[in-house]
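Close look at the chain arrangement
For reference, the chains in residue letters:
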Amino acid sequence: MALNPSSSAQGVTKKLSGSNAAFNDKGKPMELRLSNMVAAKAISDAVRTSLGPRGMDKMIQTSKGETIVTNDGATILKSIQALHPAAKMLDIEAGDGTTSVVVLAGAFLGAAEKMLSKGSTKAVEYLTEMSTPVDLKDNASLLRAASTSLNSKIVSQYSSTLAPIAVSAVTRLVTSTSSNVDLRDIRVVKKVGGTIEDTELVDGVVLNQTVVIAAGGPTRIEKAKIAIIQFQLSAPKPDMDNTVIINDYRQMDKVLKEGRQYLLNICKKIKKAGCNVLLIQKSILRDAVDDISLNFLKKLGILAVKDVERDEIEFLSKSLGCKPVADIDAFSEDKLGYADLVEETSTSGAKVVKITGIRNRGLTVSILAMGSNSLVVEECERSIHDALCVVRCLVKKRALIGGGGAPEIHVSRLLAQYAHSLKGMEAFCFQAYADALEVIPTTLAENAGLNPIAIVTELRNRHALGERNAGINVRKGLISNILEEEVVQPLLVSTSAVELATETVCLLLKIDDYVQAR
């Protein structure tokens, strides 16, 4: 990006010499910083209206032509095809509280046009001081935090159904010493049918696939011995495209007989190992299973599920306590998993395969997400993910804090007081940071249709009078004790929102040039 200096600017350049010559292009870095700020604030404004329980939803049409209706900040950011690199930097995966990160980053950038310093350390200190410790055995506190997260979603009316599911799912994976939970061990299987109220936590494993019944095989197996195979139950093909010409009918008959015999031998080996449920990995080279082998499996009384994705194999083998088999010669009884029942049931018009009563079960959880159409199911899954993230935050840092803009106003007030004790540039920086934090309560009030100036002023007064848990009650449209209203969130959501927003802004401010590589 080159700027052509005007003749007057060229004249100035000639006069500058020595150490002063380095300052002749001050305009360009400033111009770029402003461009970065405009881009990041544009993203912030786009997401801003979806903050809080009364936040608006966005209808997004993806490049594939799919329609998504959501108010989840992370999904909106993922779908916005930002061209400006600064805007892409705001695509932060915070699990829950993504909207807060982006809105705060936009406000900090506004403050940064004047000044911005390292106010985040002080802010985190104040947030930690006002939080209340929580015990993971205190189910009511975990439910309150999960419900608060779900209340700002489209599926908020079903929070009483989804919150207990999210809490139970995470607490099943937590041990007394664990400081984190891997959300990859919690699998959400989406099925269109019924309503969100039919969403359930399954005591076992739910499969994305259905049972293959083309040849009339079984759909229910008790005392199941399960195998996951990564080889194909179909006639082998050469690596290269070869053409075999057969002139004789007897030879043709022999080829077909050989093919049948090859598949029969594989199926007999599987049965000999005692296996009666077969999960077959999806194959891109040839059919994972063909009609002849399905017919043999039916006669041998083996239930077959095909098209298991490669990325599901690890989860299934961990959950079922079995090892994936890549070759028929390695197929043996010690690689099988055991379960009391494998059954395909019809739940509200959707076919679901459930595996229950698993022996040697791994630490994994399966959630069955239901909904009347694909849009609702997708939003249900996103909301469950956010609720899971909230409970995971409590496992990482076991403390709760109020919502409704209370922590932001509290920190803003304390930072402003701290700014008065400083002098010069530092005082201005802390004051600017304190003012920027007020964007969260202001936005909550705006999105709830309240008067933001009146609400934030009253909120400040209440906090000045010592009511540190006073926050915006969006349902009633007034200021009340936010802890009594059970609007709580993990301390980690608040602290990481402040830290991530500040880090992103600092990164943006450090950039003084933007070069597009061809």
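Below is a short write-up of the structure. (Residues numbered from 1 in each chain as written. Predicted model: local features only at pLDDT ≥ 70, side-chain atom pairs only at ≥ 80, totals over all residues. Heavy atoms only, no water.)

**Brief notes about the overall build of the chain**
The helix and strand inventory of the chain stands at 17 helices and 17 strands. Counting only residues that meet the buried cut, the chain has 48% of its 518 residues in that class. Taking the contacts inside the chain whose residues are at least 6 apart along the sequence as the reference set, 78% of them involve residues at least 24 apart. When the accessible area of the chain is evaluated, it comes to approximately 26100 Å², of which 51% is carbon and sulfur surface. (Helix = DSSP H or I, 4+ residues; strand = E, 2+ residues; numbered from the N terminus. Buried < 20%, exposed > 50% of the residue type's maximum accessible area, 1.4 Å probe, protein only. Contact = heavy atoms within 4.5 Å. Areas by Shrake-Rupley, 256 points an atom, 1.4 Å probe, with all protein chains shown as cover.)

**Quick look at unusual backbone geometry**
Of note, asparagine 360 is a non-glycine position whose phi angle comes to about 55°, a positive value. As for its placement among the helices and strands, asparagine 360 is situated in the loop between strand 12 (350–358) and strand 13 (365–371).

**Brief notes about empty space enclosed by the protein**
Applying the stated criterion to the full structure yields three cavities of 30 Å³ or more. Lining the largest cavity, in full, are Val212, Ala215, Gly217, Pro218, Leu294, Leu297, Lys298, Ile302, Leu303 and Ala304. Among the elements of the structure, helix 10 (291–299) and strand 9 (303–308) are those that each provide at least two residues to the lining of the largest cavity. If one sorts the elements of the lining of the largest cavity by residue count, helix 10 sits on top with three residues. The residue makeup of the lining of the largest cavity, split by class, is eight nonpolar, one polar and one charged. Here the second largest cavity defines a volume of roughly 40 Å³. Forming the boundary of the second largest cavity are Met130, Ser131, Thr132, Leu400, Ile401, Gly402, Asn469 and Leu483. For the lining of the second largest cavity, the element with the most residues is strand 14 (residues 399–402), which contributes three residues. Split into classes, the residues belonging to the lining of the second largest cavity amount to four nonpolar, four polar and no charged. (1 Å grid on protein atoms, 1.4 Å probe; cavity = no way out; pocket = protein on both sides within 12 Å on 5 of 7 lines; lining within 4 Å. Points joined across faces, edges and corners; volume = space filled by probe spheres on them. Nonpolar A, V, L, I, M, F, W, Y, C, P; charged D, E, K, R; others polar.)

**Quick notes on a nonpolar patch on the surface**
Taken together, the side chains of Val244, Ile246, Met252, Val255 and Leu256 present a nonpolar region at the surface, about 460 Å² in accessible area. Mapped onto the elements, leucine 256 comes out in helix 9 (residues 249–272). (Patch = residues over 30% accessible without salt bridge, like charges linked within 9 Å, V, L, I, M, F, W, Y side chains within 5 Å. Salt bridge = Lys/Arg side-chain N within 4 Å of Asp/Glu carboxyl O.)

**Topic: the sheet that holds strand 4 (residues 186–192)**
Taken together, the three strands give an open sheet; going across it, the order is 4-13-5, and neighbouring strands pair in mixed fashion. What marks the edges here is a single partner per strand, and that holds for strand 4 and strand 5 (200–202). In this sheet, adjacent strand axes meet at a mean angle of 30° when their direction is disregarded. As defined by bridge partners, strand 5 adjoins strand 13 across three bridges and the pair is classed as antiparallel. (Pairing = 2+ DSSP bridges. Axes fitted to C-alpha atoms, helices over the stretch in contact; angles between N-to-C directions.)

**Concerning the packing of helix 7 (residues 139–151) against helix 8 (residues 159–173)**
Helix 8 packs onto helix 7 with a crossing angle of 125° between their chain directions and a minimal axis gap of 9 Å. On the basis of the axis angle, helix 7 is oblique to helix 8. Helix 8 is crossed by helix 7, and the crossing has right-handed handedness. Residues Asn139, Leu142, Leu143, Ala146, Ser147, Leu150 and Asn151 of helix 7 pack against Ser159, Leu162, Ala163, Pro164, Val167 and Thr171 of helix 8. (Parallel < 35°, antiparallel > 145°, perpendicular 65-115°, else oblique. Left-handed = near helix turned anticlockwise from the far one by under 90°.)

**Some remarks on the packing of helix 15 (residues 439–447) against helix 16 (residues 452–464)**
With their axes 9 Å apart at the nearest point, helix 15 and helix 16 run at an angle of 135° to one another. Between helix 15 and helix 16, the interaxial angle falls into the category oblique. For the crossing formed where helix 15 meets helix 16, the hand is right-handed. Residues Pro441, Thr442, Ala445 and Glu446 of helix 15 form the contact with helix 16, whose participating residues are Pro452, Ile455, Val456 and Leu459. The residue inventory of the contact of helix 15 with helix 16, partitioned by class, reads six nonpolar, one polar and one charged.

**Let's talk about the sheet that holds strand 14**
In space, the three strands of this open sheet follow the order 3-14-17, with antiparallel pairing throughout. Only two strands of the sheet have a single neighbouring strand rather than two, namely strand 3 (132–133) and strand 17 (488–490). Here three bridges tie strand 14 to strand 17, and the two strands are oriented antiparallel to one another. Residue pairing in the sheet places leucine 400 in a bridge with proline 490 of strand 17.

**A few points about the pairing of strand 1 (residues 58–61)**
Going residue by residue along strand 1, you find Lys58 and Ile60 tucked away on one face and Met59 and Gln61 left uncovered on the opposite face. Relative to strand 2 (residues 67–70), strand 1 runs antiparallel, the two sharing four bridges. Each bridged residue has a counterpart across the sheet, and for isoleucine 60 the counterpart in strand 2 is isoleucine 68.

**Looking at the nonpolar core**
Counting 44 residues, the largest nonpolar core has Leu104, Phe108, Leu415, Leu437 and Ile472 as the members making the most contacts within it. Excluding residues that lie within four positions of it along the chain, leucine 104 makes contacts with Leu437, Val439, Ile440, Ala497, Val498 and Ala501. Residues Val134, Ile196, Cys380 and Val395 belong to the second largest nonpolar core, which totals 35 residues. (Core = buried A, V, L, I, M, F, W, Y, C linked by side-chain atoms within 4.5 Å.)

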